[in-house]
Amino acid sequence: MLPLLLASSSAYRRELLTRLRLPFTWASPDLDERRLDGEPAVELVRRLARQKAEALAASHPDHLIIGSDQVAVLGEQILGKPHTFERACEQLLECSGQQVTFLTGLALLNSANGHCQVDCVPFTVTMRELDRARVERYVTAEQPLDCAGSFKAEGLGVSLFQSTHGCDATSLIGLPLIRLVDMLHKEGVQVP
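Residues numbered from 1 in each chain as written. Predicted model: local features only at pLDDT ≥ 70, side-chain atom pairs only at ≥ 80, totals over all residues. Heavy atoms only, no water.

1. Examining the UniProt feature "active site" (unreviewed entry) in the protein
Thought 1: Mapped onto the present numbering, the UniProt feature "active site" (unreviewed entry) falls at Asp 69.
Thought 2: By secondary structure assignment, the location of Asp 69 is in strand S3 (residues 64–74).
Thought 3: Excluding residues that lie within four positions of it along the chain, Asp 69 makes contacts with Arg 13, Glu 33, Val 45, Leu 48, Ala 49, Lys 52, Leu 103, Thr 104 and Gly 105.
Thought 4: Within polar-contact distance, the side chain of Asp 69 engages the side chain of Lys 52 at 2.9 Å. (UniProt positions renumbered as here; feature names shortened; annotations may be inferred. Helix = DSSP H or I, 4+ residues; strand = E, 2+ residues; numbered from the N terminus. Contact = heavy atoms within 4.5 Å. Polar contact = N/O pair within 3.5 Å; in protein donor to acceptor, adjacent residues only side chain to side chain.)

Structure below.
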């Protein structure tokens with residue numbers, strides 16, 4: 001098996017990847033993650049996942065490189081990482097009672113032969129009706145300032161959900177393991 005490299009500095013993605021019990025290393029790609037003019041959200045995450053993997057190919061030849069990117073979409077609006085307490089509260093109040101779709105782009109690049117598999121895995125969350133006090137309590141408790149959509153699904157953020165729908169719950173956290181296992185299998189990696 002070629003060495004596995006996660007092209008991400010995300011602690012959430014590293015934790016998810018450990019579930020597959022495969023040895024891996026990680027490195028953070030240096031990449032401009034801005035959306036191109038008119039670029040649909042699905043294409044944005046697919047492009048960024050591929051570019052993250054490709055950005056590390058020269059420095060990591062003969063590796064299987066995993067790239068991933070995620071955005072949250074409310075209607076036609078892409079919700080980025082809030083970075084501030086106030087913006088996190090605003091995002092959650094905008095999402096109150098609404099469906100938010102998380103689009104996770106996934107790429108697996110074989111840097112030995114250049115073969116790259118790319119996909120986008122959607123996951124939808126229906127949010128509860130939220131008021132300002134509840135949102136502020138949540139943001140204070142969990143500090144989801146580095147999370148698309150302003151919540152951590154793997155933590156207390158689940159208390160904000162009314163329901164979820166999708167084929168792979170790990171995609172909500174940022175690395176769709178079910179699809180990744182399919183991609184790894186195509187590269188000859190057996191899990192388990």
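2. Regarding helix H6 (residues 177–186)
Thought 1: Along H6, the residues that are buried comprise Leu 177, Arg 179, Leu 180, Met 183 and Leu 184. The arc enclosing the buried residues of H6, seen along the axis, measures out at 155 degrees, which places them on a common side.
Thought 2: Buried residues in H6 make contact with strand S1 (4–7), helix H1 (11–18), S3, strand S5 (99–110), strand S6 (116–127) and helix H5 (170–173).
Thought 3: Gly 188, located one to two residues past H6, shows a positive phi value of around 85 degrees. (Buried < 20%, exposed > 50% of the residue type's maximum accessible area, 1.4 Å probe, protein only. Arc of directions from axis to C-beta.)

3. Remarks on unusual backbone geometry
If a residue is not glycine, its phi is most likely negative; likewise, a peptide bond is most likely trans.
Thought 1: Pro 192 follows Val 191 through a cis peptide bond whose omega is -10 degrees.
Thought 2: Counting through the fold element by element, Pro 192 comes out in the segment after H6.
Thought 3: Positive phi is not limited to glycine here, since Arg 21 has a value of about 55 degrees.
Thought 4: Relative to the helices and strands, Arg 21 is located in the loop between H1 and strand S2 (24–27).
Thought 5: We classify Arg 21 as exposed; its relative accessible area is 76%.

4. Overview of the environment of Asn 113
Thought 1: Here Asn 113 lies in the loop between S5 and S6.
Thought 2: Asn 113 sits 52 residues away from Pro 61 along the chain, and the two C-alpha atoms are 9.2 Å apart.

5. What to know about the UniProt feature "site: Important for substrate specificity" (unreviewed entry) in the protein
Thought 1: In this numbering, the UniProt entry assigns the feature "site: Important for substrate specificity" (unreviewed entry) to Tyr 12, Gln 70 and Glu 154.
Thought 2: Among the secondary structure elements, Gln 70 is positioned in strand S3.
Thought 3: Discounting residues that sit within four places of it in the chain, Gln 70 has contacts with Arg 13, Val 45, Phe 102, Leu 103, Thr 104, Ala 148, Ser 171, Leu 172, Ile 173 and Gly 174.
Thought 4: A polar contact of 2.8 Å, which involves the side chain of Gln 70, links it to the backbone oxygen of Ser 171.
Thought 5: The residue Glu 154 is located in the loop between helix H4 (132–142) and strand S7 (161–166) in this model.
Thought 6: Overall, Glu 154 belongs to the partly exposed group, its relative accessible area being 41%.
Thought 7: With sequence-adjacent residues up to four places away left out, Glu 154 is seen in contact with Tyr 12 and Ile 173.

6. A short note on the packing of aromatic side chains
Thought 1: Under the defined criterion, the tally for this structure stands at 2 aromatic pairs.
Thought 2: Ring plane angle 75 degrees and centroid distance 5.3 Å describe the contact between Phe 102 and Phe 151, whose orientation is recorded as edge-to-face. Pair noted here: Phe 102 is in strand S5 and Phe 151 is in the loop between H4 and S7, with a separation of 49 residues, a long-range link. In this pair, the class of Phe 102 matches that of Phe 151, namely buried.
Thought 3: Each ring, one from Phe 151 and one from Phe 161, has its centre 5.0 Å from the other, and the planes form 75 degrees; the classification is edge-to-face. Linking Phe 151 in the loop between H4 and S7 with Phe 161 in strand S7, this pair joins segments that are 10 residues apart in sequence.
Thought 4: Taking the relative accessible area as the measure of exposure, Phe 151 reaches 5% and is therefore buried.
Thought 5: For Phe 161, a relative accessible area of 6% corresponds to the buried category.
Thought 6: Ring pairing ties together the aromatic residues Phe 102, Phe 151 and Phe 161, which thus form one cluster.
Thought 7: Over the ring of Trp 26 we find Arg 14; its NZ or CZ atom is 4.1 Å from the centre of that ring. (Phe/Tyr/Trp six-rings, centres within 6.5 Å; stacked < 30°, edge-to-face > 60°. Lys NZ or Arg CZ within 6 Å of the ring centre and 35° of its normal.)

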